[in-house]
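Chain and residue survey
The primary structure of each chain is shown beneath.
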Amino acid sequence: MIRLDNVVKTFDEKVAVDHMTISIQTGELCVLLGQSGCGKSTTLRMINRLIDPTQGKIEIDGQDVMDYKLEELRRKIGYVVQSTGLFPHMNVRENISIVPRLLKKKEDWILDRVIHLIDMVGLSPEQYINKYPDELSGGEAQRIGVARALAADPNIILMDEPFGAVDPINRKNLQDEFLKLQRELKKTVVFVTHDIEEALKMGDKIAIMSKGKLEAFGAPEEVVLSDNPFVQTFLGQEATLKVLTRYTAAAYMTQADRTDYHAYASHSDDLKDILGLMLKENVTTVSVVDETGAIAGSIDFSTISQVMERRNNEQNSHGS
Ligand SMILES: Nc1ncnc2c1ncn2[C@@H]1O[C@H](COP(=O)(O)OP(=O)(O)OP(=O)(O)O)[C@@H](O)[C@H]1O
């Protein structure tokens with residue numbers, strides 16, 4: 001759906017993006033990962049033409065972005081930034097309504113859509129619809145930013161460090177909820193972050209960039225096994241462990257085993273959390289509890305090591 005073909009962007013003499021070539025499939029969440037200044041945001045902004053490339057071509061649905069009418073392109077593409085970009089003098093309803101109003105949707109339709117979107121991002125419409133941005137926490141503002149980006153039902157969403165300014169617990173919640181939403185909506189998402197764990201958790205594909213260049217591109221399990229020396233150093237030895245953040249306890253627990261093992265994990269915890277709990281409590285099996293606090297099953301160490309082994313084997317067989 002989105003194709004970058006040898007894209008270059010220079011600012012004066014400085015090369016910000018250096019011959020980037022990647023293809024992002026429909027419904028895929030592609031993370032652009034790299035250190036500050038490596039060209040992630042510039043790459044993202046060339047997709048919706050906030051910036052035009054110096055060289056190369058970007059296609060959406062097979063058509064050069066330069067051939068789209070700007071308004072058509074922006075309608076196709078939602079955009080979420082770290083600072084949320086909410087207008088401070090507009091309340092939540094007005095902020096989310098901006099694009100539908102530009103598209104001349106009926107007011108009744110817009111109000112229904114606003115209510116639906118606030119609910120969809122996990123907030124109460126009655127409580128939040130009339131609030132102003134300065135009455136929202138960082139996490140709440142980010143949710144409204146996501147709701148606003150979804151307002152015109154775009155096929156593509158560009159997200160620039162969307163959860164960067166949020167504390168770690170809220171950040172994890174936002175990640176989990178966005179992934180849940182994404183499983184339903186299946187938008188094509190390009191997501192910029194410099195947080196390795198976030199990238200390995202969120203990405204169907206990860207593009208690792210350094211100094212404007214693409215260093216690795218592939219599924220998380222692939223990039224952690226990359227033999228590119230920059231990628232190895234950048235991701236560090238813990239990267240393979242971090243891949244475990246992609247898998248939840250609920251998906252891997254043995255439901256038949258409801259024994260109380262005295263170390264408890266939530267069904268929404270990921271396998272890296274569970275491994276951490278095992279090491280902390282010095283146990284090899286933990287009970288998994290559901291949202292009511294009842295024991296729903298268990299996970300043991302061998303399950304986690306099998307997941308890691310299987311991932312590694314799959315990758316090795318892909319490579320051979
Ligand atoms: N408008 C601009 N004018 C001049 N130089 C720019 C401009 N925008 C970006 N750059 C430069 O291009 C390079 C890439 O910047 P970019 O913002 O794309 O990096 P990034 O990876 O997104 O970094 P960060 O995570 O800090 O936002 C940097 O060296 C930056 O200083």
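In this text, all values refer to a predicted model and were calculated from it rather than measured experimentally.

Segmentation of the protein chain into domains returns domain 1 (2-235) and domain 2 (247-318). Just the C-alpha atoms count here: the centres of domain 1 and domain 2 sit 31 Å apart.

Our next topic: the site of the ligand. Taken together, Phe11, Lys14, Ala16, Gln35, Ser36, Gly37, Cys38, Gly39, Lys40, Ser41 and Thr42 make up the full set of residues near the ligand. Within the contact set of the ligand, an oxygen atom lies 2.7 Å away from a side-chain nitrogen or oxygen of Ser41. Across the complex, the protein chains shield 60% of the 630 Å² of accessible surface that the ligand would expose by itself. For the shell around the ligand, the elements supplying multiple residues, two or more each, are β2 (14-24) and α1 (40-47). For the shell around the ligand, the class distribution of residues is 3 nonpolar, 6 polar and 2 charged.

Right, let's talk about the sheet that holds strand β11 (residues 264-266) for a bit. With mixed pairing, 3 strands are arranged side by side in an open sheet as β11-β12-β13. Of all strands in the sheet, those with a lone pairing partner are β11 and β13 (295-300), marking the two edges. Strand after strand, the sheet turns through a mean of 35° between neighbouring axes, direction not considered. Across 5 bridges, the pairing between strand β12 (residues 285-289) and β13 is antiparallel. Across the sheet, residue Ser287 finds its bridge partner in β13, namely Ser298.

Tallied over the full model, the rule gives 18 salt bridges. Measuring nitrogen to oxygen at the nearest pair gives 3.0 Å for the salt bridge that ties Glu28 to Lys205. Within this pair, whereas Glu28 is found in the loop between β2 and β3 (29-33), its partner Lys205 is found in strand β9 (residues 205-210), the two being separated by 177 residues in sequence. Owing to a relative accessible area of 11%, Glu28 belongs among the buried residues under this scheme. A single salt-bridge network, built from bridges that share partners, covers Arg3, Asp5, Lys57 and Glu59.

We now examine the packing of helix α3 (residues 92-102) against helix α4 (residues 107-120). Between two packed helices, what matters for the description is the angle formed by their axes and the separation of those axes. At a minimum axis distance of 10 Å, the contact between α3 and α4 shows a crossing angle of 125°. Between α3 and α4, the angle is such that the two are oblique. As α3 runs across α4, the sense of the crossing is right-handed. In this structure, α3 contributes Val92, Arg93, Ile96, Ser97, Pro100 and Arg101 to the contact, and α4 contributes Glu107, Trp109, Ile110, Leu111, Val114, Leu117 and Ile118. In the contact of α3 with α4, the residues fall into 9 nonpolar, 1 polar and 3 charged.

Despite not being glycine, His19 shows a phi value in the positive range, around 50°. Its location among the elements puts His19 in strand β2. Unlike most non-glycine residues, Asp61 shows phi in positive territory, near 50°.

Calculation rules
- Residues numbered from 1 in each chain as written.
- Predicted model: local features only at pLDDT ≥ 70, side-chain atom pairs only at ≥ 80, totals over all residues.
- Heavy atoms only, no water.
- Domains from an automatic or database assignment.
- Near = heavy atom within 4 Å.
- Polar contact = N/O pair within 3.5 Å; in protein donor to acceptor, adjacent residues only side chain to side chain.
- Areas by Shrake-Rupley, 256 points an atom, 1.4 Å probe, with all protein chains shown as cover.
- Helix = DSSP H or I, 4+ residues; strand = E, 2+ residues; numbered from the N terminus.
- Nonpolar A, V, L, I, M, F, W, Y, C, P; charged D, E, K, R; others polar.
- Pairing = 2+ DSSP bridges.
- Axes fitted to C-alpha atoms, helices over the stretch in contact; angles between N-to-C directions.
- Salt bridge = Lys/Arg side-chain N within 4 Å of Asp/Glu carboxyl O.
- Buried < 20%, exposed > 50% of the residue type's maximum accessible area, 1.4 Å probe, protein only.
- Parallel < 35°, antiparallel > 145°, perpendicular 65-115°, else oblique.
- Left-handed = near helix turned anticlockwise from the far one by under 90°.
- Contact = heavy atoms within 4.5 Å.

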